[in-house]
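Structural characterization, general
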Amino acid sequence: MKKRSGKTSLIIVLVDALPFLANELRALGHEVVSLSPGGGIFSVRALLGERQKPDILVQMERLGARTYLADLESLPCPVLFWGIDSQLNMFWQKWYARLFDATLTPHLSLFQALPDFFRPHSLHAFSWPGYERSFVPHAARGRQLGLCARVDEHRELRAALIALLKEQGLEHNSSPSLSWKEILDFYSGTKTVPNESLVCELNFRPIEAASCGCLVLSPDVGADQEAILEPGLEFLVYRDGLELLDLVAFARKRPGAAEKIGFAAQRRIQAEHLPRMRAAKLLDIAAGVTRRRLDGAAARMALWLTLAMQIRNRSLPLDAKTHALEGMEFFWGKDRDRSARTLPFLPHVCAQVINLLYEAGDRERSLELCRELLRIVSGDKGHEDRALIGQNSLMAASACALEHGLQDAALAFLRCRGLMGGSLAPLGKERRDPAGICLAWAQAAQESGDIVSPGFMFSPQSGTLPESALSWLLMAKALKAPGAGARIAGLLRGRKGLLFLRMAHTAGESLGHPRSFIAQLEYGLDCIRAFRVREGLFEIAEARAKAAKSGQSAGFFARLKNAGPGERNWEKILQKDKAFV
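Calculation criteria
Residues numbered from 1 in each chain as written. Predicted model: local features only at pLDDT ≥ 70, side-chain atom pairs only at ≥ 80, totals over all residues. Heavy atoms only, no water. Pairing = 2+ DSSP bridges. Helix = DSSP H or I, 4+ residues; strand = E, 2+ residues; numbered from the N terminus. Axes fitted to C-alpha atoms, helices over the stretch in contact; angles between N-to-C directions. Buried < 20%, exposed > 50% of the residue type's maximum accessible area, 1.4 Å probe, protein only. Right-handed = clockwise from strand over helix to strand, strands pointing away. Contact = heavy atoms within 4.5 Å.

A separate point is the sheet that holds strand S3 (residues 11-15). Read across the open sheet, the six strands follow the order S4-S3-S6-S8-S9-S10; overall the sheet is parallel. A single partner strand is all that each edge strand has here, and the edge strands are strand S4 (31-35) and strand S10 (123-125). Across the sheet, the mean angle separating the axes of adjacent strands is 20° when strand polarity is ignored. Pairing between strand S8 (residues 79-82) and strand S9 (residues 102-105): three bridges, direction parallel. Bridge pairing in S9 links Trp82 to Leu104.

What follows deals with the pairing of S8. What you see with S8 is no split at all: Val79 and Phe81 on one side and Leu80 and Trp82 on the other are buried throughout. Examined bridge by bridge, strand S6 (residues 56-60) and S8 share four bridges and lie parallel to one another. Each residue of the ladder has a partner; that of Met60, found in S8, is Trp82. With helix H3 (residues 86-96) bridging S8 and its parallel neighbour S9, the resulting β-α-β unit is right-handed.

So, on to helix H1 (residues 19-27). Think of an α-helix as 3.6 residues a turn; residues three or four steps apart then line up on the same face. Three or more residues of H1 are buried, namely Phe20, Leu21, Ala22 and Leu25. Buried residues along H1 sit in contact with S3, S4, S8 and helix H11 (275-287). Count one or two residues on from H1 and you reach Gly29, which has phi positive near 95°.

On to unusual backbone geometry, then. Phi at Asp71 is positive, roughly 65°, even though this residue is not glycine. You can see Asp71 is positioned in the loop between strand S7 (67-70) and S8. Taking the relative accessible area as the measure of exposure, Asp71 reaches 39% and is therefore partly exposed. At Phe531, a residue that is not glycine, the phi angle is positive and equals roughly 70°. Locating Phe531 in the fold gives a position in the loop between helix H22 (517-529) and helix H23 (533-549).

It is worth spelling out the sheet that holds strand S13 (residues 190-194) at this point. The strands that make up a sheet are held in pairs by hydrogen bonds between backbone atoms, and each pair lies either parallel or antiparallel. Across the sheet, which stays open at both edges, the five strands sit in the order S12-S11-S13-S14-S15 with parallel pairing between neighbours. Strands with a single pairing partner mark the edges of an open sheet, and in this sheet they are strand S12 (171-173) and strand S15 (236-238). Here the strands of the sheet are splayed against their neighbours by 25° on average, with no regard to which way each runs. Pairing between S13 and strand S14 (residues 215-219): three bridges, direction parallel. Among the inter-strand pairings, Thr192 is bridged to a residue of S14, identified as Leu215. With respect to the sheet, helix H6 (residues 180-188) is in contact with strand S11 (143-148), S12 and S13, its orientation differing from that of S11 by roughly 155°. The sheet contacts of helix H9 (residues 241-253) involve S11, S13, S14 and S15, and relative to S15 the element is tilted by about 150°.

Written out as structure tokens, the structure reads:
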């Protein structure tokens, strides 16, 4: 920390930060060291070398090859992590964030929704900044409806939105080589910009388009988006394809009102969301930070778990078996830290050791660890080793045993959860088979809040062991468990980022129950949510006909009324679109 012209100048180390942050911090009079070591695991002390001790260190999540910092506990200054894509990376960030004193994120609600055990201690809403642009009157803009966005096999929802709006005159630029300036110039010539996000999270587009004074039409993301712009006054929210079409029509019919909302959005960006404001807010956060990061064995475990999840997700080219054996050192190594035996992370480490060994092809060693756990829970081991036992380690062992065809062992681990105090429904004879065990673990995971892991690759054929409720249900369905498809659809109800996955199951339920209007109605509503409006209206009309034939019209309209956003005249909509019946 230095004094310059009567002001305190800080030494700030930025790791993988975008240039704007360094530029703005320097403009505030601070000394900034920007480091971009590239993908890999680095000792922070080795990175700093002989440089002066920093007053603040900030790591920004890199969207390409990722940097993982070790030894952060050795720094006496505040250390902050700025997550960017947490909506797809929570499965490892929930561990990595614990190595820092504070976590900055545009997706505050996602971290707040984590079970208490996983939630970082100090969380701060912190989105990327907007841009300083001159307002162009809408009458001078030549494009009524426009969107800059990539489309690929991972963006089915976006592709459906574009197909729907091209009928409304949407101009779509999908070039991956567009610069920020080209994107902003495109939006400065556009009146209305529809937004769609990969897993219904706050993304870059509302801020980009609002910076240019566009009318932004965005999905109902919730509090994270509403902290940036006020719905109704600075952008408009839609909840399905029909409502989006209504808003597009509104923007065309009432250009003055659309321009007023776009102008208000740009003023909000200029007042609160420019780069210099983000830099100043970061300094305010750092000034109020107290030391909350993990240290010692807990820090080493958290980093190990971070890397384990990335190895399992095939996002980090480290040897899975080697990493698993390093993890075993925490609880069975010769020089292990005895204090680590009391840490709540230990069952998670044990679980990931089993997963890594199994997924690396070392089936025998993974099975031996399962046998060891069984001996521990059976009372053959001392109290010290019982620290390895938790729902996650029991779940991993049960999954591993199932994959080895050891049904009795898999069931024994499930029953152990009940002995530990977990609520476990009695297993009847029909649920003692592998499919029944999968269903029971799905229920256990759901009760503990581990519903899905967006961004983590899993399929029953992938060779990856299940952990979340969704992955266990997918396993159960692969084993032909009765009702598994319906349970998956129910689990994913309202989870907009997984809408296409839910649709695969609501479609299956509709085909599997051809006489029931309910399954077909659910599928039709999902189609409308996924911008397949014509297909959705056809399915709903078919469901209506089925309901009428069986004397259930009142029940049909009751369900329809409860499913749509706000008051919607479905009689009129279906009459208007009777060509689809």
